[in-house]
Amino acid sequence: MKVTVIGTGYVGLVAGACLAETGNDVICADIDSRKIEGLKRGELPIFEPGLGPLVDSNLAAERLQFTTDIASSVRASNIIFIAVGTPPDEDGSADLQHVLAVAKSIGQAMEGEKVVCTKSTVPVGTANKVRDAIMAETTHPVHVCSNPEFLKEGAAVTDFMKPDRVIIGVDSDHAGGVLTELYSPFVRTGNAIHIMDIAAAEITKYAANAMLATRISFMNSIAQLCEETGADVGMVRRGLGSDGRIGSAFLFPGAGYGGSCFPKDVKALIRTMRELGSDASILEAVEAVNEKQKYLLINRVKARFGDDLKGRHFAVWGLAFKPNTDDMREAPSLVTIRGLREAGATVSAHDPVAMEEAKRIFGSEVQFHRDNYDALSGAEALIVHTEWLPYRRPDFSRMKGLLKAPIIFDGRNLYPPETLESLGFEYYSIGRAPTQPAAGRTNP
Ligand SMILES: NC(=O)c1ccc[n+]([C@@H]2O[C@H](COP(=O)([O-])OP(=O)(O)OC[C@H]3O[C@@H](n4cnc5c(N)ncnc54)[C@H](O)[C@@H]3O)[C@@H](O)[C@H]2O)c1
């Protein structure tokens, strides 16, 4: 099949490469000429496990092409995906300007019947706006569909190749048939393709992200209760998650959810619900808990060292909002590092892949180290933000030798408190009692 994907970011590039891998002729189009020129040379603009070889092999097989010529890419294919960004507008609603600009370009370029799918996360009702924008420019028939994407950064290729489910919102049998054929190679083990009406598909995507964000904020609230009562949130999490009705995913407490999706999608859904007169109070609470949670680590550092951190130096391990990605959008580490800097502290940091992205944000304000242990030298404490594998079982005696004092603020509960206590660390995690081997220190 001939497929064009407009918007070559995390979603568009992964979708394009995976659709090419299953034998389709795919054009990935984007207005960012630097990105497209790099991709033509086989240079990936993002870090995503397994994506490089997929792009290389499909480029070599000439099943995958990259272009900035949106009009030609529209004419060349009968299925067109819109996968451009939908960032939050000032009022929290999804900014649809890129989606609608692409829709207009599609309408202007069409010279025959097309199936046009929004893969971008868009509020309910957007497909109608996309259809209107296309039909204002053309008299050719168009089948507008909603095909929201559920891939996770860090596991995007695997998620796309083996989706739990594919959601397809259509208003014509033709579009349903075309998209079922396109997706059938990805669901051979029996996972479902759910064909539904367009509004249901648009809502399903927001409902899924809002549910996951809700679980995180819920667990962060429970973690707070654990701290107040001396219970261990890890035990509660295991007890809770082993209930088959609940399941264990997304129940880890932490320093708040971040990334390019949950924060903006929860905001946008709240906005849509308010506009339509629905009660958004559950999601308002989810968001409020998360906003507070993002400040947990910086507040703990200040409670321990005082509000004025001038002359103090801290190390941060993990910058990306989660492991296996270089995405720093809305990463809780940003809140901690900004808080440290504003209070006068200096910061050294390490991340296995997100340091280039972090340099773009912080420039010379943060010292970046290629080796995670080098970042510890002379620091008053280590703050762990992302659960990258190399941080999970570090050499604690080496860390002790490098840190000014053996203090760890762990936003991911990576270490057993008893072990750290026995090694002489002052250790603060989330939803678990702090360990305080050094006498006379006060809890944050
Ligand atoms: N990142 C994720 O994990 C994820 C997962 C599921 C859904 N989504 C949704 O998918 C959409 C895309 O997200 P992303 O993370 O890939 O975004 P991104 O910012 O990484 O990529 C968007 C791309 O669109 C391009 N673009 C913008 N305007 C354009 C135009 N007029 N014509 C052509 N290209 C244009 C940009 O240059 C950029 O390369 C969003 O709606 C997002 O909410 C993202």
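A separate point is the overall build of the protein. The secondary structure content of the protein amounts to 17 helices and 14 strands. The C-alpha atoms of the protein give 24 Å as radius of gyration, which agrees with the globular expectation for 444 residues (22 Å, within 12%). With the principal axes as the frame, the protein shows a C-alpha extent of 75 × 50 × 40 Å. A burial count over the protein gives 53% of its 444 residues as buried. For the protein, restricting intrachain contacts to residue pairs at least 6 apart in sequence, the fraction spanning at least 24 positions comes to 71%. Approximately 19100 Å² of the protein is accessible, and the part contributed by carbon and sulfur atoms is 51%. Mean positive and mean negative side-chain charge positions of the protein (47 and 56 charges, respectively) differ by 4 Å.

With that out of the way, let us pick up the site of the ligand. The local shell around the ligand holds 27 residues, among which Asp30, Lys35, Thr86, Glu153 and Lys264 are the closest. Within the contact set of the ligand, a nitrogen atom lies 3.5 Å away from a backbone nitrogen or oxygen of isoleucine 31. At 2.7 Å from a nitrogen atom of the ligand is found a side-chain nitrogen or oxygen belonging to glutamate 153. When the ligand sits alone it has 830 Å² of accessible area, and the protein chains cover 88% of it. Taken together, the elements giving at least two residues each to the shell around the ligand come down to helix H1 (10-21) and helix H5 (97-109). Of the residues assigned to the shell around the ligand, the class counts are ten nonpolar, nine polar and eight charged.

Let us now look at the confidence of the model for the protein. Within the protein, residue pLDDT values average 96, and 98% of them lie at 70 or more. For the stretch residues 439-444, pLDDT sits under 50, and the model shows 14 contacts to residues farther than four places along the chain or on other chains.

Time to look at the layout of surface pockets. If you add up the space inside the second largest pocket, you get close to 440 Å³. Taken together, 20 residues make up the lining of the second largest pocket; nearest its centre are Gln224, Glu227, Gln293, Leu296 and Arg300. Contributions of two or more residues to the lining of the second largest pocket are made by helix H9 (198-229), helix H12 (281-293) and helix H13 (296-305).

Here we come to the pairing of strand E5 (residues 114-118). In terms of burial, E5 is a largely internal element, five of the five residues being buried. Along E5, one buried face is formed by Lys114, Val116 and Thr118 and the opposite face, lined by Val115 and Cys117, is buried too. Where strand E4 (residues 79-82) and E5 come together, four bridges link them in parallel fashion. From the neighbouring strand, isoleucine 82 faces E5, where its bridge partner is threonine 118. Handedness of the crossover joining E4 and E5 through H5: right-handed. With five bridges connecting them, E5 and strand E6 (residues 142-146) associate as parallel partners. By the bridge assignment for E6, valine 115 is matched with histidine 143. Taken together, E5, helix H6 (residues 126-135) and E6 form a β-α-β motif whose crossover is right-handed.

Rules used in this analysis
- In this convention, every chain numbers its residues from 1, walking through the sequence in written order.
- Per-residue local features are limited, in this predicted model, to residues with pLDDT of at least 70; the limit for side-chain atom pairs, both in listing and counting, is 80 or more; totals at the level of whole chains, interfaces and linings are taken over all residues.
- The basis for the side-chain values is all heavy atoms of the structure; hydrogens and waters are excluded.
- Labels follow the DSSP assignment, with helices taken as runs of H or I lasting at least four residues and strands as runs of E lasting at least two, numbered in each case from the N terminus.
- We take the radius of gyration over the C-alpha atoms and set the globule estimate at 2.2 Å times the residue count to the 0.38 power.
- Each residue is placed in one exposure class: buried if its accessible area under a 1.4 Å probe, protein chains only, is under 20% of its type's maximum, exposed if it is over 50%, and partly exposed if it falls in between.
- Here a residue-residue contact requires only that any non-hydrogen atoms of the pair lie within 4.5 Å.
- In short, Shrake-Rupley with a 1.4 Å probe defines the accessible areas, and a residue's cover is counted only from the protein chains shown.
- Residues scored as positive are Lys and Arg, those scored as negative are Asp and Glu, and His as well as the terminal groups of each chain are ignored.
- The atoms used to mark charge sites are NZ of Lys, CZ of Arg, CG of Asp and CD of Glu.
- Definition of nearness: a residue and a molecule or strand are near each other if at least one heavy atom of the residue lies within 4 Å of the molecule or strand.
- Side-chain atoms alone can form a polar contact between residues adjacent in sequence; in general such a contact is a pair of N or O atoms within 3.5 Å, and within protein one must be able to donate a hydrogen while the other accepts it.
- Polarity classes work like this: nonpolar for Ala, Val, Leu, Ile, Met, Phe, Trp, Tyr, Cys and Pro, charged for Asp, Glu, Lys and Arg, and polar for all others, with Gly in that last group.
- Confidence of the predictor at the level of single residues is given by pLDDT, which spans 0 to 100.
- With a 1 Å grid spanning the protein atoms alone, the term cavity applies to any set of points in which a 1.4 Å probe fits but cannot get out, the term pocket to an open set with protein on both sides within 12 Å along at least five of seven lines, and the term lining residue to any residue with an atom within 4 Å of a point.
- Grid points are joined across faces, edges and corners, and a volume is the space filled by probe spheres set on the points.
- Any two strands between which DSSP finds at least two bridges are classified as paired.
- Here the term right-handed applies to a crossover when the path leading from its first strand over the helix to its second strand runs clockwise, the strands being oriented away from the viewer.

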